[in-house]
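Residues per chain, in single letters:
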Amino acid sequence: MSVTPIRLFGDPVLRTPAEPVVDFDAELRRLVGDLTDTMLDAPGAGLAAPQLGVSLRVFTYDVDDEIGHLINPVLDLSDEMQEGDEGCLSVPDLAFNTRRSMRVVAKGMNMHGEPVVLEGSELLARCIQHETDHLDGIMFVDRLDAETRKEAMKAIREAEWFGQPPAQVKLSPHRISSRW
Ligand code: ZN
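Residues numbered from 1 in each chain as written. Predicted model: local features only at pLDDT ≥ 70, side-chain atom pairs only at ≥ 80, totals over all residues. Heavy atoms only, no water.

Let's talk about the coordination of the zinc ion
Put simply, the test is: For Na, K and Ca the donor cutoff is 3.2 Å, while for all other metals N, O and S atoms must lie within 2.8 Å; water is not among the atoms, so some sites may look incomplete. Note on conventions: DSSP H or I runs of at least 4 residues are helices, E runs of at least 2 residues are strands, and numbering of each starts at the N terminus.
Every protein donor of the zinc ion is listed here as C88 (SG), H130 (NE2) and H134 (NE2), and their distances to the metal cover 2.0 to 2.2 Å. Motif for the zinc ion, donor spacing along one chain: C-x41-H-x3-H. On the criterion of sequence distance, the pair formed by C88 in strand β5 (residues 85–88) and H130 in helix α2 (residues 122–135) is long-range, its members being 42 residues apart.

Here you go:
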């Protein structure tokens, strides 16, 4: 398990619909571990596999002191809605009022391939909707009303992190000296 760099808005993997998990193997358990470690380190209320560059339908959450994960989620949303600020680890330091369903029933699997049902309201419901959107290549800014979205896109374009190339692995001194 390890803390892994989080992909930022503008990375194509965040716009790619993720594939359903079919192999409930050691690699999947490692992915759930990496997601959990990275989410706790950030810290964040949730993290989806595409944010680590892995296009699989897996997310983790940490809401109201409950840490968990869900695989291949299918959501049933309430008609009742909630308002509130929402942010995203792939859109650092920005938050905007985002309308979401008040309650959600999410059916899916755990990392052992057993069926699980995750029910939540308010913050957990918001988190489940946000993370499941990531699995469909949807960012929370897509959910904003037109005016707020314009404001959000402007803030993103002006953000220091936007458009920066990902951190490069440095050439070792040995490699440099051997070339020159
Ligand atoms: Zn997010």
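After that view, the rundown keeps rolling.
Quick notes on a negative patch on the surface
Here is the rule: To count toward a patch, a residue needs a relative accessible area over 30% and no salt bridge; like charges are then connected within 9 Å, while nonpolar side chains (Val, Leu, Ile, Met, Phe, Trp, Tyr) are connected within 5 Å. The Shrake-Rupley method, run with a 1.4 Å probe sphere, supplies the accessible areas, and residue values consider only the shown protein chains as cover. In what follows, salt bridge is the name for a side-chain nitrogen of Lys or Arg lying within 4 Å of a carboxyl oxygen of Asp or Glu. Here the positive residues are Lys and Arg and the negative ones are Asp and Glu; neither His nor the chain ends is included. A charged residue contributes its charge at one atom only: NZ of Lys, CZ of Arg, CG of Asp or CD of Glu.
On the surface, D64, D65, E66 and E122 cluster together into a negatively charged patch. Inspection of the secondary structure puts E66 in strand β3 (residues 66–77).

Remarks on the pairing of β3
Applicable threshold: Strands are treated as partners if at least two bridges between them are detected by DSSP.
When strand β2 (residues 58–63) meets β3, the two strands line up antiparallel, connected through six bridges. The residue bridging F59 from the neighbouring strand is L70, located in β3. Taking the residues between adjacent antiparallel strands as the criterion, β2 and β3 are bridged by two residues, where D64 takes a positive phi near 50 degrees. Bridge count between β3 and strand β8 (residues 103–109): five bridges; the pairing is antiparallel. Considered in β8, the bridge of I71 is made with M109.

What to know about the side chain of D34
The following threshold applies: Remark: exposure states derive from per-residue accessible area (1.4 Å probe, protein chains only) relative to the maximum for the residue type, with buried under 20%, exposed over 50%, and partly exposed in between. Every residue pair with non-hydrogen atoms within 4.5 Å of one another is taken to be in contact.
Within the secondary structure, D34 is located in helix α1 (residues 26–41). The charged side chain of D34 is buried without a salt bridge, its nearest counter-charge being R30 at 6.5 Å. Those residues within four positions of D34 in sequence are excluded, and the remaining contacts are M1, S2, T4 and L52.

Examining the packing of aromatic side chains
Note the threshold: Aromatic pairs are defined between Phe, Tyr and Trp rings, using the six-membered ring for Trp, whenever the two ring centres lie within 6.5 Å; interplanar angles under 30 degrees are classed as stacked, those over 60 as edge-to-face, and all others as tilted.
Applying the stated criterion across every chain yields a total of two aromatic pairs. Here F9 and F162 contribute two aromatic rings whose centre-to-centre distance is 6.4 Å and whose plane-to-plane angle is 50 degrees, an arrangement assigned as tilted. Taken together, the residues F9 in the segment before α1 and F162 in the loop between α3 (146–158) and α4 (173–179) connect sequence positions 153 residues apart. For F9, a relative accessible area of 12% puts it in the buried group. Taking 6.1 Å as the distance between ring centres and 85 degrees as the angle between the ring planes, the aromatic pair formed by W161 and F162 counts as edge-to-face. Taken together, the ring pairs connect F9, W161 and F162 into an aromatic cluster.

Some details on the confidence of the model for the chain
This is how it is decided: Predictor confidence is given residue by residue as pLDDT, running from a minimum of 0 to a maximum of 100.
When pLDDT is averaged along the chain, the result is 93, and 92% of the positions lie at 70 or above. Here residues 172–180 scores under 50 on pLDDT; set against residues more than four positions off or in separate chains, the count is two contacts.

Comments concerning the pairing of β5
Side chains E86 and C88 of β5 all project onto a buried face; the interleaved residues D85 and G87 project onto a face where none is buried. Where β5 and strand β6 (residues 91–97) come together, four bridges link them in antiparallel fashion. Counted as the bridge partner of C88 is V91 from β6. Turn length for the β5-β6 hairpin, with the two strands adjacent in sequence and antiparallel, is two residues.

Focus on the nonpolar core
Counted only if it meets this: For the purposes of this section, nonpolar cores are sets of buried Ala, Val, Leu, Ile, Met, Phe, Trp, Tyr and Cys residues that join through side-chain atoms within 4.5 Å.
In this structure, F9, V91, M139, F140, V141 and I156 are the most contacted members of the largest nonpolar core, which totals 15 residues. Counting only elements with at least two residues in this core, the list comes to β6 and α3. Per element, the largest residue contribution to this core is three residues, and it comes from α3. Every residue in contact with F140, bar those within four places of it in the chain, is listed here: E86, G87, C88, V91, L94, F96, T98, R100 and H130.

Overview of α2
Since one α-helical turn is 3.6 residues long, residues separated by three or four positions face the same way. What counts is decided by this rule: Helix span, as expected, comes to 1.5 Å for every residue beyond the first.
Relative to the 20 Å expected for 14 residues at 1.5 Å per residue, α2 spans 20 Å between its end C-alpha atoms, a close match to the ideal helical length. Within the sequence span of α2, burial applies to L124, A125, R126, C127, I128, Q129, H130, E131, T132, D133, H134 and L135. Of the residues flanking the end of α2, it is G137, one or two places downstream, whose phi is positive at about 75 degrees.

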